[in-house]
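Observations on the model geometry
Spelled out, the chains give:
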Amino acid sequence: MKTKSKCFGLVTKKYNEFFLVDLINQENYENQIRFLCKVKKSINFKDQLIYVGDEVEIDHIDLRSKRALITSLLKRKNLLIRPSVANISNIYIIFSVEEPELNLSQVNRFLISAESMGVEVSLVLTKCDLISEKRRLFLLDKFAQWGYKAISLDLKNSNNFNTLLAELKKKKCSIFMGPSGVGKTTLLNMIIPGLQNSTAPVSNKIKRGKNTTRNVELFSILNRSYIVDTPGFNMQPFDVDIRLLPNLYSEIFKQVTEKGIKCKFRNCLHLDDEGCNLDKSFERYPFYKEMIESSKIHYYQNQED
Ligand SMILES: Nc1nc2c(ncn2[C@@H]2O[C@H](COP(=O)(O)OP(=O)(O)OP(=O)(O)O)[C@@H](O)[C@H]2O)c(=O)[nH]1
Ligand SMILES: [Mg+2]
Ligand SMILES: [Zn+2]
């Protein structure tokens, strides 16, 4: 049985030239119709690739074999580069407080990279059952100073989990990102009972994750509310437009917007320059400075090219 009607769908997974596409605008979400799709041969997307999170138009729908062809790509709101995911509304940076141990420089890189996307960013701390209450409060206070109300989770206490779950149900498309072994998939499995995606204990000796999740995949938690699970990785130093960088650190942004500090030069990068009025006594300042310095080198190198 083939139908001629056109429909819209959401790309939930891709492998090679195949895409899994969920029909959208369905009344009955319990019986989600999922199609295995390829891009129609005659269609040229002008070298645009299709990513998980993209909305597409599908045609040549075969209801029996659950196959269809993608005939057009709808306009995207945004595109995250690593991992490649389209139309994200919220980024959840996930780190464990132990196993693997918390690396503040990595947390900062993930946060700033996420902030540069211009969407809402949240920080989740997992495995709090492995640390004392005192240490947990210390970490919450630290991240509050960084500008984040971190959500702390542990497998034994479900209070914070329930708050997080209620929050996720209000967001359109959230992505879980962070290093391997921090518990991203464990959390997703708790959010979607019955999911049972693979998770694995961290290695015994070096307490590092085993790169268990291999694909970017989007899961529906409620009608029109989704979560993307991603493979864990460590964030390498990255380039970000240095003129934007001061706005991505709340400790700097707040001094400028709330306290109204003014430096001598309008585009002050708040390094050790004369005429800089920024109060640099905050924990992340060395991270900020290092990011500016490494990005600046790249910036000038590019200009010379
Ligand atoms: N003690 C403790 N262990 C946890 C907690 N959350 C997850 N774990 C364990 O951490 C290990 C790694 O969890 P995963 O969910 O596979 O981690 P992941 O972030 O998805 O890892 P990748 O897929 O490799 O990126 C598993 O053995 C989990 O049982 C927690 O709150 N407390
Ligand atoms: Mg995983
Ligand atoms: Zn300054």
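Please read all numbers here as calculations on a predicted model, not as lab measurements. (Residues numbered from 1 in each chain as written. Chains lettered and ligands numbered in written order. Predicted model: local features only at pLDDT ≥ 70, side-chain atom pairs only at ≥ 80, totals over all residues. Heavy atoms only, no water.)

1. What to know about the overall build of the chain
Scanning the chain for helices and strands turns up seven helices and 14 strands. Reported as C-alpha extents along the three principal axes, the dimensions of the chain are approximately 75 × 50 × 40 Å. Residues counted as buried form 47% of the 305 residues belonging to the chain. For the chain, the exposed surface amounts to about 17000 Å²; the carbon and sulfur share of it is 50%. (Helix = DSSP H or I, 4+ residues; strand = E, 2+ residues; numbered from the N terminus. Buried < 20%, exposed > 50% of the residue type's maximum accessible area, 1.4 Å probe, protein only. Areas by Shrake-Rupley, 256 points an atom, 1.4 Å probe, with all protein chains shown as cover.)

2. Regarding the coordination of the zinc ion (ligand 3)
Coordination sphere of the zinc ion (ligand 3), protein contribution only: Cys263 (SG), Cys268 (SG), His270 (ND1) and Cys276 (SG), at 2.1 to 2.4 Å. Note that the zinc ion (ligand 3) binds four donor atoms; their angles at the metal cover 104 to 114°, and the shape is tetrahedral. Mapped onto the polypeptide sequence, the residues donating to the zinc ion (ligand 3) form the spacing pattern C-x4-C-x1-H-x5-C. On the accessibility criterion, Cys276 (14% relative accessible area) is buried. (Donors = N, O, S within 2.8 Å, 3.2 Å for Na, K, Ca; no water. Tetrahedral: all angles 85-135°; square planar, octahedral: opposite > 155°, others 65-115°.)

3. With respect to the sheet that holds strand 12 (residues 173-177)
Spatially, 11-10-9-12-14-13 is the arrangement adopted by the six strands of the open sheet, whose pairing is mixed. Edge positions in the sheet fall to strand 11 (151-152) and strand 13 (217-222), since each has one partner strand and no second. Inspection of the sheet shows strand 10 (residues 120-126) paired to strand 11 by two bridges, in the parallel sense. When the sheet's bridge partners are listed, Leu125 is paired in strand 11 with Ser152. Those strands touched by helix 2 (residues 133-145) are strand 10 and strand 11, and its axis lies near 165° from that of strand 10. (Pairing = 2+ DSSP bridges. Contact = heavy atoms within 4.5 Å. Axes fitted to C-alpha atoms, helices over the stretch in contact; angles between N-to-C directions.)

4. Some points on helix 2
Its 13 residues give helix 2 an end-to-end C-alpha distance of 19 Å, which sits within 8% of 18 Å, the value for a rise of 1.5 Å per residue. Among the residues of helix 2, those classed as buried are Arg136, Leu139, Lys142 and Phe143. Buried positions in helix 2, seen along its axis, are confined to an arc of 125° and lie on one side of it. Residues of helix 2 that are exposed and angled more than 90 degrees away from the buried face: Lys134 and Gln145. Taken together, the buried residues of helix 2 touch helix 1 (104-115), strand 10, strand 11 and helix 3 (159-168). Once helix 2 finishes, Gly147 follows within two positions and takes phi at roughly 100°, a positive value. (Expected span 1.5 Å × (residues − 1). Arc of directions from axis to C-beta.)

5. Things to note about the nonpolar core
Ile91, Ile93, Leu123, Leu125, Phe143 and Leu245 are the most contacted members of the largest nonpolar core, which totals 55 residues. Within the residue set of this core, elements represented by two or more residues are strand 9 (90-96), helix 1, strand 10, helix 2, strand 12, strand 14 (225-229), helix 5 (245-248) and helix 7 (285-304). Broken down by element, this core gets its largest block of residues, five residues, from helix 1. Sequence-distant contacts of Ile91, defined by excluding residues within four places in its chain, comprise Leu80, Ala114, Met117, Val119, Glu120, Val121, Ser122, Ile175 and Met177. Within the second largest apolar cluster, 18 residues are counted, among which are Leu153, Phe161, Val182 and Leu187. (Core = buried A, V, L, I, M, F, W, Y, C linked by side-chain atoms within 4.5 Å.)

6. Description of the coordination of the magnesium ion (ligand 2)
Those donors, Thr185 (OG1) and Thr213 (OG1), are the protein atoms that reach the magnesium ion (ligand 2), and they lie 2.0 to 2.1 Å from it. On the criterion of sequence distance, the pair formed by Thr185 in helix 4 (residues 184-191) and Thr213 in the loop between helix 4 and strand 13 is long-range, its members being 28 residues apart. A single burial state applies to Thr185 and to Thr213, both of which are buried.

7. A closer look at the domain arrangement of the chain
Along its sequence, the chain is carved into domain 1 (2-76), domain 2 (80-229) and domain 3 (245-304). One C-alpha centre belongs to domain 1, the other to domain 2; they are set 29 Å apart. Counting residues at the interface gives 15 residues for domain 1 and 13 residues for domain 2. The interface formed by domain 1 and domain 2 includes two salt bridges. Residue Lys172 pairs with Glu55 through a salt bridge whose shortest N-O separation is 3.9 Å. Inspection of the region where domain 1 meets domain 2 yields four residue pairs in polar contact (both at pLDDT 80 or more). (Domains from an automatic or database assignment. Salt bridge = Lys/Arg side-chain N within 4 Å of Asp/Glu carboxyl O. Polar contact = N/O pair within 3.5 Å; in protein donor to acceptor, adjacent residues only side chain to side chain.)

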